[in-house]
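What follows is each chain in one-letter form.
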Amino acid sequence: MHRSRFLACSITVAATSLLASACTTGSADGPSSSGDTSGGTVKVGVTSDVTSFDPAKGASATDYVMTSLLYQPLIGQDDGGTFVAGLAETWTSTPTKTTLTLKKRLTCSDGSPLTASQVVASLQRYRATSAGALLTFGAANAGEKTTITGDDAAGTVAITTATPWGEVLSGLSSTGAGIVCKAGLDAGAAALAQGAVKGAASGPYEMATARRGASYELRLRKGFDAYPRYASTPAGKPADTLRIQIAKNESTLANQLQTGALDLAPITGTDVTRFTGKTGYAIRSTPFIRNYIAFNQRPGHPGADPEIRKAVAQAVSASAFNKVFGGAGQTMTSYVDEKAACVSTDTTLLTTTDPASAKKTLTGVSLKLEGTNGVAGGAGNSYVAEALRTAGAEVKLTNADNATWATDVTANQGDWDVTVFPLISGTLARGGSYFLGPEPAKGGQNYGAIKNTAYADNYVAATSTTDQGAKCAAWQKAQEALLKANDVIPLATVDVHYVARKGISFAMPGGLLTVSTLRVTR
Amino acid sequence: MAATLTGKPAAGAGRATVLGPWGTFVVRRLVGLVAVAVTLVVGTFLMVQLIPGDPARVVAGADATPADVELARHELGLDRPLLTQFGTYASGLLRGDLGTAFQTKEPVAEIIGNRLPFTAEIAFLSVLAVLLLAVPIGLAVAARGSRRTDGAFTFVTGLVGATPEYIIGTLLVLGFAIRLGWLPAAGAETVTSMVLPIAALVLPGTCVMARIVRSEAAHVLAQDYMRTARGRRLPPLRLYARHALPNLLTATLTLGGLILAGLLGGTVVVETVFAWPGIGQRVVEALLVRDYPVIQGCVLVLGLLAALLNLLVDVVLALLDPRTLAGKGGR
C-alpha cells in the first residue's frame, strides 16, 4: 500500500514543482462528518502519541484519552467530588470496606460477559502494577493488605483495606483503574502496552485501526450503555467513529481546526486566540498545570530557613507569574486549583507579596533554581528567577527538560534549592503526597525533605475518612499548616483550552476532559 | 596504477593491481562502511549515556515511588554494568535485533519500519523535485548571461534559500490550506497531504542547488569545447544536454546526495509543522524521554543510510566519469 502510494505520489512532484497551484481538489477529509444525523466521525487532535495502551501504565494526556475510551472505570467522579455510576450501578464505602454492585448485562468488546470475577482480576492487576494504586488503596495497605473479592452471582465486588483509607472511590474513578477484560489480562502486560488487545475493552469504544505516530480510529461498541452518568453530559449521540490524530505542534492543531480537519483539539498557548469570539467554535478552559514554588529543605540549603522561604514568597507575585503565560490561567490559593474538592480559598493563609521586605532577607543569598522547560520553554522559571534577583538574591537558573528536572528534583539527584513545580494532578491527596513521608533516597516521594507534622497528621486524617465534611475540615487544616510555613508558595495555573467546532459538545467533570462524554449535537 | 607510473610499488599497490581500480574502490568503501557502522554502534551507545536524566524515572511515571523506579530500571536492564549492557546491545544487533523501546515497548525495528518510509517518501520526492527544477533553472540563467537576470536570480534564490523551512511551511499552510482551502494543513491521511511538506523542503533546496548549478554552468559554458560546440551551431538542447550537463553532474549529484542524506534525518521541523509522522520527530521524542534503544536504533540506521547514499553517489559519479575513481580510493 505504501509503495503504491509512493508511486502515485510521484505524480505530485510536478504539482509540488508548481507550488501546488494546479491542485484544486483540496483535502479528501473535507469538513468533518460530525454534522451527520448519526454520530458520524469526530476527529480529535492530541499533541503526543500514546506511550502505553495499558490503563495501569498511562503517563501522558493522550494515554488517558485513549485508555478512558477503551477501559471503563467502575465509577466516575463528577464536579464537587461526587461519584457517579460507571460499570458499577451502586456502591457503599467505609474507611475500611468498599462494596460495588455492577450493572446488569455488562459485556466486553468481544461480546463476552464482564463478570465480577473479571473485575476483581483487573483490580488486582491494577493494585500490583500501577503506581497510582498506592493512592487508591493507601500506602499502608499495599499488596495483600488490600483484599479484593467478587461474587459473580450477586454481581458485587468488595475491597477491604487493613487500615482505614478514604480515597478508594476516588482512586477507582481514575483512568488507571479502568477495567481490563479477560482477553487483555490473558494477553499480558507487554501486549496490553503495545496496542489494544482484541476483546480487552470494557469501555464505549474499541480500536478499529492504529497508525502509530499518526492516528488511531476507534469504533463505538454497539449496545454499550454503561456510560458514566455525569450531571453535565450533553445531549446528542456519541460519535460512531472517533479518530484521534496526532500533531505535536499547537499551531498545526489550530490550522487543522480552522480547515475542518479536526473537530476538537487542546491548545495551551496563544493559538487559542484564533478562535476566541469566532462563530462556529466553542472554547472550554480548565487548569492543565498547577505551578507552585517548593524548596529543598535539607540542612545546608537556604530553603531550610523559614525566613528565607517567607522572603521568597514575598518576592514573587502569583498574578505576575500568571501574566507570563498571557494571564489566561488562575492564580492559586493552594497547591491545587480552585476546582479541587476541599481546596482552601483562604487568601489570608498566603504570604503577601512585598519585595521591599524580601530584599532585607534575600540580599546576597545564593539560590539554585531548577525548573522544567516543558511549559513555554521555562518562561515561568525565568520570571521567578528575575523576581528573586530583584529582591537581591544571587540566582542560578537551570531550565531543564522534564526528564532531567524529574531526576534532579523529584528524585533529588541534582543540586537544587528552589523549584517551580508543575503539578499535573488536581487532587489534594495526590498532589500532597510530595510533602510528607520519607525522602526519595529512603523510598518516599518527599523530594524537598519537608518536615511539617501538622500537615502530615491532617493529610492522614483527611485521607482516612469517607465523611466529606470531616475530610474537608482536615484538608483545610493541612493546607493551613503548609501555606503558613511557606513550604509551598502557590503561583498560577496554566490552562488548556479545548476548542471544538460547532456541533460537538462534551463534559468536563471535575475540570477534566472526558472524551467518553463527547456528543454530536447537530 | 601508482606502481605503473613510478616503477616503485607502494604498500597495497599489488592488491590494487589485482583488484583493478573498481575493485579497490569497492573494497575500500566497504571497509569504510564497516568502520562507520562500528563507530555508530559504539558512539551512539556511549552518547546516550551522557544525556542527563534518568530513563527509568521517565518510564516509571510521575507518581512512581523510588521502589517503582528501581523496578523499572531493573526491567530495562539499566542496573547492569555498562559493559554488559553494551554486550547485550551489540549481540542483539548481530542477530538483527535493534531492541525494544523503553516507553512504548515496541520493537525499534518496527518503529523504524513504520516511520522511515514517511520520511523517505518526502525526502526522495523533494530531492527529485529539487534536481528537476534546479538544474534547468541554474543552466538557463547561466546560458542567458544577462546581468539583470543574474541579479534577480541571486536576490530571489538568496532570499528564499535563507528562509527557514518552518517559515516557508507556515506561509504555505496559510496560503494553500487556510486561505484557499486547496490542500490539507497537516497530517498524512491522503496523497495531497504530502504536497505542502514537500514544497516546504523543495523551495529552499532548489534555490541553494540552482545557485551552485548556475555557478558551475557559467564555468563550463566558458570552456573552449563549449565555444567550439556553439561554433558548430548545434541545437541548444543538444548543446546543453550533451555537452554542458555531464560536466555539471559531479557538483549536482554530490550536493543532491548530501541534501537527501540530510533530509532523511533532518526533516524534524517540517514533520512537526505538518504533523508528518516521520522518523525525525520520533528521534526527538525519544531524546526527550531518554528512550535509549530508539535513539540508538534510529541514529544507527540513519547514519548507515547516509553512508550508503554517499557511496551510491560516488559509484554513479565514477560510472559517469571514471576519472573520479582516482580521488575516491580507486587508485
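Caption draft 1: Quick peek at helix 13 (residues 402-410) of chain A. Residues and elements named next belong to chain A. Within helix 13, 8 of the 9 residues are buried, leaving the element largely enclosed by the surrounding structure. Among the residues of helix 13, Ala403, Thr404, Trp405, Ala406, Thr407, Asp408, Val409 and Thr410 are the ones counted as buried. Positive backbone phi, at 50 degrees, marks Asn412, one or two positions downstream of helix 13.

Caption draft 2: Local environment of unusual backbone geometry. Of note, Asn486(A) is a non-glycine position whose phi angle comes to about 55 degrees, a positive value. Counting through the fold element by element, Asn486(A) comes out in the loop between helix 16 (468-484) and strand 16 (488-501). Even without being glycine, Arg290(B) reaches a positive phi, approximately 55 degrees.

Caption draft 3: Representation of the state of the cysteines within the structure. Residues and elements named next belong to chain A. In the structure shown here, the tally under the stated rule is 2 disulfides over all chains. Here Cys342 engages in a disulfide with Cys472; their sulfurs sit 2.0 Å apart. The S-S bond linking Cys342 to Cys472 shows a torsion near -65 degrees; that makes this disulfide left-handed. Residue Cys342 is located in the loop between helix 10 (318-324) and helix 11 (355-362), and its partner Cys472 is located in helix 16; the two are separated by 130 residues in the primary sequence. On the basis of relative accessibility, which here comes to 12%, the residue Cys342 falls in the buried class. Once the disulfide-bonded cysteines of chain A are ranked by sequence position, their pairing pattern turns out to be 1-2, 3-4.

Caption draft 4: Layout of the domain arrangement of chain B. By the assigned domains, chain B splits into domain 1 (11-103 + 322-331) and domain 2 (115-288). Of note, the centres of domain 1 of chain B and domain 2 of chain B, computed from C-alpha atoms alone, are 32 Å apart.

Caption draft 5: Inspection of the nonpolar core at higher detail. Core analysis: the biggest nonpolar cluster contains 96 residues, and Tyr292(A), Tyr335(A), Phe435(A), Tyr455(A) and Trp475(A) have the highest contact counts within it. With near-sequence residues (within four places) excluded, Trp475(A) lies in contact with Tyr335(A), Cys342(A), Leu428(A), Ala429(A), Tyr455(A), Tyr459(A), Ala462(A) and Thr463(A). Grouped together as the second largest cluster of nonpolar side chains are 78 residues, Leu183(B), Met194(B), Ala229(B) and Leu309(B) included.

Caption draft 6: Representation of helix 2 (residues 61-70) of chain A. Within helix 2 of chain A, 8 of the 10 residues are buried, which leaves it mostly tucked inside the rest of the structure. Within the span of helix 2 of chain A, buried status applies to Thr62(A), Asp63(A), Val65(A), Met66(A), Thr67(A), Ser68(A), Leu69(A) and Leu70(A).

Caption draft 7: A look at the side chain of Ser344(A). All names here are of chain A. With respect to the secondary-structure elements, Ser344 resides in the loop between helix 10 and helix 11. On the basis of relative accessibility, which here comes to 0%, the residue Ser344 falls in the buried class. At a separation of 3.3 Å, a polar atom in the side chain of Ser344 contacts the main-chain amide nitrogen of Asp346. Only 3.4 Å separates the side chain of Ser344 from the side chain of Gln476, close enough to count as a polar contact. When residues no more than four places from it in sequence are discounted, the contact partners of Ser344 are Thr333, Ser334, Leu349, Gln476 and Gln479.

Caption draft 8: Region of the structure containing the interface of chain A and chain B. With 54 residues of chain A at the contact, the number on the chain B side is 58 residues. A buried area of about 4700 Å², summed over both sides, lies between chain A and chain B, and 62% of it is on carbon and sulfur atoms. The interface formed by chain A and chain B contains 4 salt bridges. Here Glu285(B) ties to Lys248(A) by a salt bridge, and the two come within 2.4 Å at their closest N and O atoms. Counting every contact that joins chain A to chain B gives 13 residue pairs in polar contact (both at pLDDT 80 or more). Of all elements in the fold, only helix 1 (2-17), helix 7 (189-194), strand 10 (241-246), helix 8 (250-259) and helix 13 of chain A reach the threshold of two or more residues within the side of chain A that touches chain B. Take the side of chain A that touches chain B: its biggest share by element is 9 residues, from helix 1 of chain A.

Thresholds applied
Residues numbered from 1 in each chain as written. Chains lettered and ligands numbered in written order. Predicted model: local features only at pLDDT ≥ 70, side-chain atom pairs only at ≥ 80, totals over all residues. Heavy atoms only, no water. Buried < 20%, exposed > 50% of the residue type's maximum accessible area, 1.4 Å probe, protein only. Helix = DSSP H or I, 4+ residues; strand = E, 2+ residues; numbered from the N terminus. Disulfide = S-S within 2.5 Å. Domains from an automatic or database assignment. Core = buried A, V, L, I, M, F, W, Y, C linked by side-chain atoms within 4.5 Å. Contact = heavy atoms within 4.5 Å. Polar contact = N/O pair within 3.5 Å; in protein donor to acceptor, adjacent residues only side chain to side chain. Buried area = accessible area lost by both parts, 1.4 Å probe. Salt bridge = Lys/Arg side-chain N within 4 Å of Asp/Glu carboxyl O.

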